[in-house]
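A structural walkthrough
Residue strings, one per chain:
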Amino acid sequence: MNILVVDDIATNRKLLKVTLEAEGHTSLEAADGVDALKILAHQTVDAVISDILMPNMDGFRLCHALRKSPQLHALPFIIYTATYTSPEDMKLAQTVGADKYITKPAPTSDILNALREVMDKKAARPMPVAAPVEEAYVLQQYSQALVNKLEEKNAELAEANQALKRTEERLRALTQRVVQAQEAEQGRVSRELHDTITQTLCAVLLRSQVLAGKLPAHNKVAKGEAIELCEMIGKTVDEVERISRNLRPVVLDQLGLVAGLHDASTEFTNQTGVSVKVDCVKLARRLPADTELALYRILQETLKNVEKHARARHVIVQLTKPGNIVQLTINDDGIGFDPDHHPAKRKGRGGLGLLGMRERATYVGGTFTVKSVRRGGTEIEIRIPVPPGATAAESTHL
Ligand SMILES: Nc1ncnc2c1ncn2[C@@H]1O[C@H](COP(=O)(O)OP(=O)(O)OP(=O)(O)O)[C@@H](O)[C@H]1O
Ligand SMILES: [Mg+2]
């Protein structure tokens, strides 16, 4: 037999072609109903196996068109679909005059049986002309089938959205736990460093200084070595203290956000040589601890990015309080980047910095915005609502 395979997906057509040809049949391929009608106008075909959902003209319409054609009304027509499988779809297939309805993916034997069945049916009694079907009726059935499909898809979509929302919520809670655990661990390491290593180093420094003092002046080499040792220990103490401070911002805890922002900025300038101008509104009262910590950590992370990526010369840190919102803005005059297409994002293993900052801001009820253009610098803005009365802003700036 020569079978016309109609399907908009080339792989599906090839699969059927191989199956049919393995059984000694020949086949022709069409990508949709219109394509199929063009082929049928010039070629002799024994049967059609057609998908339903296709562009231009779908399987139902193709079948209906054939049944109305004086030459092709008796052509055996098998619907082979994965998308339309409800009882209404099957009924519609019957209404338009299809001989058989099978669902994808079907085993080869089902396809061959279906072919045999429709050919036997045709041979036994010449196919009657399909009962004239009212075009309006077919269209109504057809649009009803579409409406049902649409409703089904909408319900699926709504369910998928809900699932996505639940996953996002779980992920957010998990991220929060990770951040909290990280802060707790950093605090613990910071205290250990401060309470044990720094204290021990200070004792070593003191003894070294005593030793250096006791060494006779004429033993210049030994005395010089001892003094150098003292200096090295002194530098190590400073470095351990710096690491400890970075791990747990004691200044933030004890002196508040404004002092913390100044401290982080000074530290950054000392480390990198990039100038940071800090301009903060004076806050009459402390902000909630998690808000302060979020803003402080976001500044630290932003400064890390400036050091790593921006090639900036100046940074401006501004803390303002428009109404009941506390706003932190960090500007750099560096090379900028495209926030939607930065290299880390393109490689599919985006950095965690910006993501973590956004999460931190979101967790304390705030918003996080990145504005950046290539060669135009970068601005990070965090706005966090604070309960009225929790703080009172004054007009003077520190
Ligand atoms: N201030 C900036 N100037 C220029 N480019 C920036 C700046 N901040 C971020 N970027 C760009 O945005 C990307 C993402 O930043 P993000 O902090 O999320 O990741 P990262 O710094 O690459 O890695 P991580 O922070 O996880 O160590 C960076 O790789 C960089 O290309
Ligand atoms: Mg980063």
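Calculation notes
- Along every chain, residues carry numbers that run from 1 in the direction the sequence is written.
- Just so you know, chain letters begin at A and ligand numbers begin at 1, following the order they were written in.
- Predicted model: local features are reported for residues with pLDDT of at least 70 only, side-chain atom pairs are reported and counted for 80 or more only, and whole-chain, interface and lining totals are derived from all residues.
- Helix axes are fitted only over the stretch in contact, all axes being lines through C-alpha atoms; the angle between N-to-C directions runs from 0 to 180 degrees.
- Only DSSP runs of H or I reaching four residues or more are called helices, and only runs of E reaching two or more are called strands; each is numbered from the N terminus.
- Roughly parallel refers to an angle under 35 degrees, roughly antiparallel to one over 145, roughly perpendicular to one between 65 and 115, and oblique to any angle outside these ranges.
- Whether two residues are in contact is decided by their C-beta atoms, placed from the backbone, lying within 7 Å.
- Residues are grouped as follows: nonpolar covers Ala, Val, Leu, Ile, Met, Phe, Trp, Tyr, Cys and Pro; charged covers Asp, Glu, Lys and Arg; every other residue, Gly included, is treated as polar.
- One nonpolar core equals one set of buried Ala, Val, Leu, Ile, Met, Phe, Trp, Tyr and Cys residues connected by C-beta atoms within 7 Å.
- The burial label depends on the number of other C-beta atoms within 10 Å of a residue's C-beta. Counts of 20 or more mean buried, 12 or fewer mean exposed, and intermediate counts mean partly exposed, with C-beta atoms placed from the backbone.
- Put simply, a crossing is left-handed when the front helix is turned counterclockwise from the back one by less than a right angle, and right-handed when it is turned clockwise.
- A pair of strands is considered paired only if DSSP assigns at least 2 bridges between the two.
- To estimate how far a helix should reach, multiply one less than its number of residues by 1.5 Å.
- We count a residue as near a molecule or strand when its backbone-placed C-beta atom lies within 6 Å of that partner.

Concerning the packing of helix α2 (residues 33–42) against helix α3 (residues 59–68)
Look at α2 against α3: their axes get within 9 Å of each other, and the N-to-C directions meet at 30°. Judged by the inter-axis angle, α2 sits roughly parallel to α3. Of the residues in α3, those in contact with G33, A36 and L37 of α2 are G59, R61, L62 and A65. Of the residues in the contact of α2 with α3, the class split is four nonpolar, two polar and one charged.

Description of the nonpolar core
Counting 33 residues, the largest nonpolar core has L295, Y296, I298, L299 and I382 as its most contacted members. At the level of secondary structure, the elements contributing two or more residues to this core comprise α9 (257–272), β6 (275–283), α10 (289–310), β7 (314–320), β8 (325–332), α12 (353–363) and β10 (378–385). The element that contributes the greatest number of residues to this core is α10, accounting for nine residues. In contact with Y296, other than residues within four places in its own chain, are P249, L252, L257, G260, L261 and A264.

A short note on unusual backbone geometry
Of note, the bond from K104 into P105 is cis; its omega dihedral lies within 30 degrees of zero at -10°. Tracing the backbone through its elements, the reader meets P105 in the loop between β5 (100–103) and α5 (108–124). For R311, which is not a glycine, the phi torsion comes out positive at approximately 55°. Within the secondary structure, R311 is located in the loop between α10 and β7. If you check the backbone angles, R375 has positive phi at about 65° while not being a glycine. Counting through the fold element by element, R375 comes out in the loop between β9 (367–372) and β10.

Some points on the packing of α9 against α10
Interhelical geometry of α9 versus α10 gives an angle of 15° and a closest axis separation of 10 Å. By the angle between their axes, α9 is roughly parallel relative to α10. Between α9 and α10 the crossing geometry is right-handed. Packed against α9, whose contacting residues are L257, G260, L261, A264, F268 and T272, the element α10 presents E292, L295, Y296, L299, Q300, L303 and E307 at the interface.

Observations concerning the sheet that holds β5
In space, the five strands of this open sheet follow the order β2-β1-β3-β4-β5, with parallel pairing throughout. Both edges of this open sheet fall to β2 (26–30) and β5, since each of them pairs with a single strand only. Sheet twist, expressed as the average angle between the axes of neighbouring strands with direction ignored, equals 20°. In this structure, strand β3 (residues 47–50) lies alongside strand β4 (residues 77–81), joined through three bridges in parallel fashion. In the sheet register, V48 faces β4, and the bridge partner there is F77. This element, α2, spans β1 (2–6), β2 and β3 of the sheet and lies at about 155° to β1. Each of β1, β3 and β4 touches α3; the most contacted strand, β4, lies at about 175° to it.

Examining α10
Within an α-helix, residues lying three or four positions from one another point in the same direction, as the helix has 3.6 residues per turn. With 22 residues, α10 should cover 32 Å at 1.5 Å per step; its first-to-last C-alpha distance of 30 Å lies within 8% of that length. Following α10 by one or two positions, R311 adopts a phi angle in the positive range, close to 55°.

Structural notes on the site of ligand 1
Close to ligand 1 lie 19 residues; N305, A310, G351, G353 and L354 are nearest. Taken together, the elements giving at least two residues each to the shell around ligand 1 come down to α10, α11 (343–346) and α12. Broken down by element, the residue count for the shell around ligand 1 peaks at five residues, all from α10. Classifying every residue of the shell around ligand 1 by side-chain character gives nine nonpolar, eight polar and two charged.

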